[in-house]
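Each chain, written out:
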Amino acid sequence: MGKMKIKKGDTVQVLTGKDKAKQGKVIAVDTENQRVTVEGVNRVTRHVKPGTRGTGGLVVQEAPIHVSNVAVIDPTDKKPTRVKTREEQVERDGRTKTTRVRVSARSGKDI
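Keep in mind it's a predicted model, so treat the numbers as computed, not measured.

## What about the UniProt feature "domain: KOW" (unreviewed entry) in the chain?
Then, in step 1: UniProt annotation of "domain: KOW" (unreviewed entry) refers to residues 5–32 when read in the numbering used here.
Then, in step 2: Structurally, residues 5–32 comprises 0% helix and 43% strand, and the distance from its first C-alpha atom to its last is 13 Å.

Now the structure itself:
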């Protein structure tokens, strides 16, 4: 499995499925299964038993969707884009470090 380019807190757009074209913020990322949970997207109803968390009943919550079905929103034109990485030399306290910066493939701006 490759490295995931979507992180928690990113604003993404759903590309396929019942919630196609919806936008939301990434709440959780599961790198092992290549899945992301997006706010307000892929909402499912769960039947929860009463227990230590209080009363049971029907709970509507977000379910994870595969990372290939979402795309990061470009900050400049608010459209979905692919994510590339660029290595940058950063000098801190007299030492140079190489850091990776995420870049929009659409506009070339940092994400």
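## Some thoughts on the side chain of Asp19
Then, in step 1: Residue position: Asp19 is located in the loop between strand E1 (11–14) and strand E2 (23–30).
Then, in step 2: With a relative accessible area of 9%, Asp19 lands in the buried category.
Then, in step 3: Once residues lying within four places of it in the same chain are set aside, the contact partners of Asp19 are Val14, Val41, Asn42 and Arg43.

## As for the domain arrangement of the chain
Then, in step 1: Examined at the domain level, the chain breaks down into domain 1 (1–73) and domain 2 (76–110).
Then, in step 2: One C-alpha centre belongs to domain 1, the other to domain 2, and the line joining them spans 25 Å.
Then, in step 3: Listed per partner, the contact involves ten residues of domain 1 and six residues of domain 2.
Then, in step 4: Around 680 Å² of area is buried between domain 1 and domain 2 when both sides are counted, 57% of it from carbon and sulfur atoms.
Then, in step 5: Contact with domain 2 buries surface across domain 1, with Lys5, Val72 and Ile73 losing the most and accounting together for 61% of the total.

Rules used in this analysis
The residue numbering used here restarts from 1 in each chain and proceeds along that chain's sequence as written. Restriction of local features to residues with pLDDT of at least 70 applies here, the model being predicted, together with a cutoff of 80 or more for giving and counting side-chain atom pairs; totals for whole chains, interfaces and linings are based on all residues. Processing note: side-chain calculations cover all non-hydrogen atoms of the structure and skip hydrogens and water entirely. UniProt positions are given in the numbering used here, feature names are shortened, and annotations may be inferred rather than shown by experiment. The numbering of helices and of strands both runs from the N terminus, where a helix is a DSSP run of H or I of at least 4 residues and a strand a run of E of at least 2. Exposure is judged per residue with a 1.4 Å probe applied to protein chains only, and the accessible area is read against the type maximum: over 50% gives exposed, under 20% gives buried, and values in between give partly exposed. In this analysis, two residues are considered to be in contact whenever any of their non-hydrogen atoms come within 4.5 Å of each other. Segmentation into domains, and thus their bounds, comes from an automatic or database assignment. By buried area we mean how much accessible surface two parts lose on assembly, using a 1.4 Å probe and totalling the loss over both.

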